[in-house]
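Breakdown of the fold
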Amino acid sequence: MKINLVNESFDSLQSDLEVIFVLNKDLNHKSIKDKKLLESLNFKAEDEEVVLLPESKKIYVGCEDNSYDCIAVAISAAVKKLQSTKFKSAKVKLLDGEASTLKALVEGAALGAYSFTKYKSKKTKNKQELFIVTKNSSKELTKTFNDSLIIAESVNKTRDFVNTTPEDFYPKTMTKEAKKISKLDDITLKVHGEEYLEKNKMFSMLGVGRASRHESQLIHLTYKPKNAKTKVVLVGKGLTYDSGGLSLKPGDSMVTMKSDKAGACMVLGALNAIAQLKLPIEVHCILGAVENMIGGDAFKPDDVLTAKNGTTIEVRNTDAEGRLVLADCLCYAQDKIKDIDYIFDYATLTGACVVGVGEYTTAIMGNNTGLRCNAIKNASASGEFSTSLPFNRHLRKLVKSKIADTCNMATSRYGGAITAGLFLDNFIYKENKDKWLHFDIAGPAYVENAWGYNPYGASGAGVRMTVEFMNSLSLDIDKRCQAK
Ligand code: BES
Ligand code: ZN
Ligand code: ZN
């Protein structure tokens, strides 16, 4: 789908179809010329309800209100309708002339038009076009349009990575994709294999990948523009497959575990956007790309692994492997990168998180309440759903071990998302305690149902909220929330 912003009279612009938003179920609005026909079709203009009237060449779509989510979902429904026809183009009016509405239209259309066809023998070519028509163009609108396209394309790139099978996307594939992104301006790349991990005593990450035929990769991308204002580290869990290891997952739960690399893929997508938007911040991306498999050489429940910072970890469940990989990645980041302003990690870390907050929401954890609040605000501004899960000192005691410093599985089955976050806190150095946030994206990263403008499978969750947060840092606005 090609999306265009055009500044000309709506009526004179040639296109096959016209998209009309029916706001607040108001079929009496003056823009609706086909009221009788729509009523006879029982069209009620509910959320996502869409109808094509071929005679009058109009797509009517319900839109509950003028929030980002409603507009994005509505345009996505209209675009999907267009894609189901042989019509080549559609136009839609930017009614209020607002940049925020334009952002919702562009992102909703680009995200809604996405489909993953890599493994289909017959690929349908979608060469359709959408024209967003505005009466008054301005520098602000043009910038919003271009930025929104970059962001949506980065989300779609993440979706492609995550949807790719574990046979085709293994740790070295992550390296290959990182290399491609490092071609953008101001980005450098360092890649470390298992020899490096061993030399640097990263036995926690090494243990997880031991039974795989694919070599684990620690990938470090640095985006350093000349005008950088702050220094941010983004760490991503990149389990290219999570079988559970010897604590093998049951068959049903193993399906979809190609999505366990979504944290790392989302960090790659966010960097792809940040660099193209030329945001004035230094961003380090640390990706732990590992495959968790079974075999004679597999790490075991009962093993004790030592992480890079010397912390010993009792393994009680090899399926709690993400935190083992992140532990070493977080240590590596803090050892290598000095004077960090923010350190965020992203991971499909726990099933408990999905149970707790549902499939569509990212859970944000960390010691700094203000920073968590800021992250939630930015997520919401970007169009993503998130919520905060609070730590407490009683839950902290649940990740203690009788024989080692900590344990990769809590002693209670309740509060699993938070206890996983608290495990990670063991690997955050004192000086960074208030600069760290942990994002559990296990729910929204991959859903086996389409939702809103998200397709079946990978959603690219985390990309938009991260870009929004980085943008807010670069603007230096709203430090209100950051005070503890
Ligand atoms: N990758 C999974 C978490 C997950 C589950 C992500 C469902 C997406 C959907 C993670 O490695 C895992 O298996 N965690 C265990 C931890 C437990 C053994 C302490 C879990 O959540 O059951
Ligand atoms: Zn697991
Ligand atoms: Zn996992």
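As a starting point, this report considers the structure included with it. As the structure is a prediction and not an experimental result, all values here were calculated from the model.

Our focus in this paragraph is the site of ligand 1. As a structural note, the neighbourhood of ligand 1 is formed by 16 residues, with Lys249, Asp260, Asp319, Glu321 and Gly351 the closest of them. For ligand 1, an oxygen atom lies 2.9 Å from a polar atom in the side chain of Asp242. The separation between an oxygen atom of ligand 1 and a polar side-chain atom of Asp319 is 2.9 Å. About the coverage of ligand 1: the protein hides 77% of its 520 Å² of free accessible area.

Let's shift gears to the packing of helix H4 (residues 139-163) against helix H9 (residues 262-277). Closest axis-to-axis distance for the H4/H9 pair is 8 Å, and the angle between their directions is 155°. Considering their axes alone, H4 and H9 lie roughly antiparallel with respect to each other. Once H4 is placed against H9, the crossing between them reads as right-handed. On H9, the residues that touch Asp147, Ile150, Ile151, Ser154, Lys157, Thr158, Phe161 and Val162 of H4 are Ala262, Cys265, Met266, Leu268, Gly269, Asn272, Ala273, Gln276 and Leu277. Partitioning the contact of H4 with H9 into residue classes produces ten nonpolar, five polar and two charged.

Every protein donor of the zinc ion (ligand 3) is accounted for by Lys237 (NZ), Asp242 (OD), Asp260 (OD) and Glu321 (OE), and the metal-donor separations fall at 1.9 to 2.4 Å. Coordination at the zinc ion (ligand 3) is octahedral, judged from the six donor atoms that bind it and the angles of 77 to 174° they form at the metal. In this structure, the zinc ion (ligand 3) lies 3.2 Å away from the zinc ion (ligand 2), the two metals sharing Asp242 as a donor. Of this pair, Lys237 sits in strand S9 (residues 231-242) while Glu321 sits in the loop between strand S12 (312-314) and helix H10 (322-336), placing them 84 residues apart in sequence. The class of Lys237 is buried, set by a relative accessible area of 2%.

Enumeration over the complete set of coordinates arrives at 17 salt bridges. As a salt-bridge pair, Lys35 and Glu39 come within 3.7 Å of each other at their nearest N and O atoms. With Lys35 and Glu39 both in helix H1 (residues 35-40) and four residues apart, the pair spans about one turn of that helix. According to the relative accessible area criterion, Lys35 is partly exposed, its value standing at 31%. Lys103 is paired through a salt bridge with Glu107; the nearest N and O atoms lie 2.8 Å apart. One end of the pair is Lys103 and the other is Glu107, both in helix H3 (residues 99-112) and four residues apart, which spans about a single turn. For the pair Lys103 and Glu107, a shared accessibility class is recorded, and that class is buried. Overlapping salt bridges, with partners in common, bring together Lys237, Asp260 and Glu321 in one network.

This part is about the packing of aromatic side chains. Following the criterion strictly, the structure yields eleven aromatic pairs and no others. Plain terms: the ring middles of Tyr342 and Phe469 are 6.1 Å apart, the flat faces sit at 75° to each other, and that makes the pair edge-to-face. Here Phe469 lies in helix H15 (residues 463-475) and Tyr342 lies in strand S13 (residues 342-347), a separation of 127 residues in the sequence. An identical accessibility class is assigned to Tyr342 and Phe469; each is buried.

We now examine helix H12 (residues 369-382). Across its 14 residues, H12 extends 20 Å between first and last C-alpha, which sits within 8% of the 20 Å expected from 1.5 Å per residue. Taken as a whole, H12 has its buried residues at Gly370, Leu371, Arg372, Asn374, Ala375, Asn378, Ala379 and Ser382. Where H12 begins, the side chain of Asn368 points an oxygen toward the backbone nitrogen of Gly370, at a separation of 3.0 Å. Phi turns positive one or two residues past the end of H12, at Gly383, with a value near 100°.

Within the open sheet, the three strands sit side by side as S11-S12-S16. Their pairing is mixed. Because the sheet does not close on itself, it has two edges, and the strands there are strand S11 (304-306) and strand S16 (406-407). The sheet contact formed by S11 and S12 spans three bridges and is antiparallel. Of the residues in S12, the one forming a bridge with Leu305 is Ile313.

Between H4 and H15, the shortest axis-to-axis distance is 9 Å and the interhelical angle comes to 140°. The angle between the axes of H4 and H15 places the two elements in the oblique class. Every pair of crossing elements has a handedness; the one defined by H4 and H15 is right-handed. Counting all contacts with H4, which are made through Ile151, Ser154, Val155 and Thr158, the residues of H15 involved are Val463, Arg464 and Val467. Within the contact of H4 with H15, the residues separate by chemical class into four nonpolar, two polar and one charged.

Scoring rules and cut-offs
Residues numbered from 1 in each chain as written. Chains lettered and ligands numbered in written order. Predicted model: local features only at pLDDT ≥ 70, side-chain atom pairs only at ≥ 80, totals over all residues. Heavy atoms only, no water. Near = heavy atom within 4 Å. Polar contact = N/O pair within 3.5 Å; in protein donor to acceptor, adjacent residues only side chain to side chain. Areas by Shrake-Rupley, 256 points an atom, 1.4 Å probe, with all protein chains shown as cover. Axes fitted to C-alpha atoms, helices over the stretch in contact; angles between N-to-C directions. Helix = DSSP H or I, 4+ residues; strand = E, 2+ residues; numbered from the N terminus. Parallel < 35°, antiparallel > 145°, perpendicular 65-115°, else oblique. Left-handed = near helix turned anticlockwise from the far one by under 90°. Contact = heavy atoms within 4.5 Å. Nonpolar A, V, L, I, M, F, W, Y, C, P; charged D, E, K, R; others polar. Donors = N, O, S within 2.8 Å, 3.2 Å for Na, K, Ca; no water. Tetrahedral: all angles 85-135°; square planar, octahedral: opposite > 155°, others 65-115°. Buried < 20%, exposed > 50% of the residue type's maximum accessible area, 1.4 Å probe, protein only. Salt bridge = Lys/Arg side-chain N within 4 Å of Asp/Glu carboxyl O. Phe/Tyr/Trp six-rings, centres within 6.5 Å; stacked < 30°, edge-to-face > 60°. Expected span 1.5 Å × (residues − 1). Pairing = 2+ DSSP bridges.

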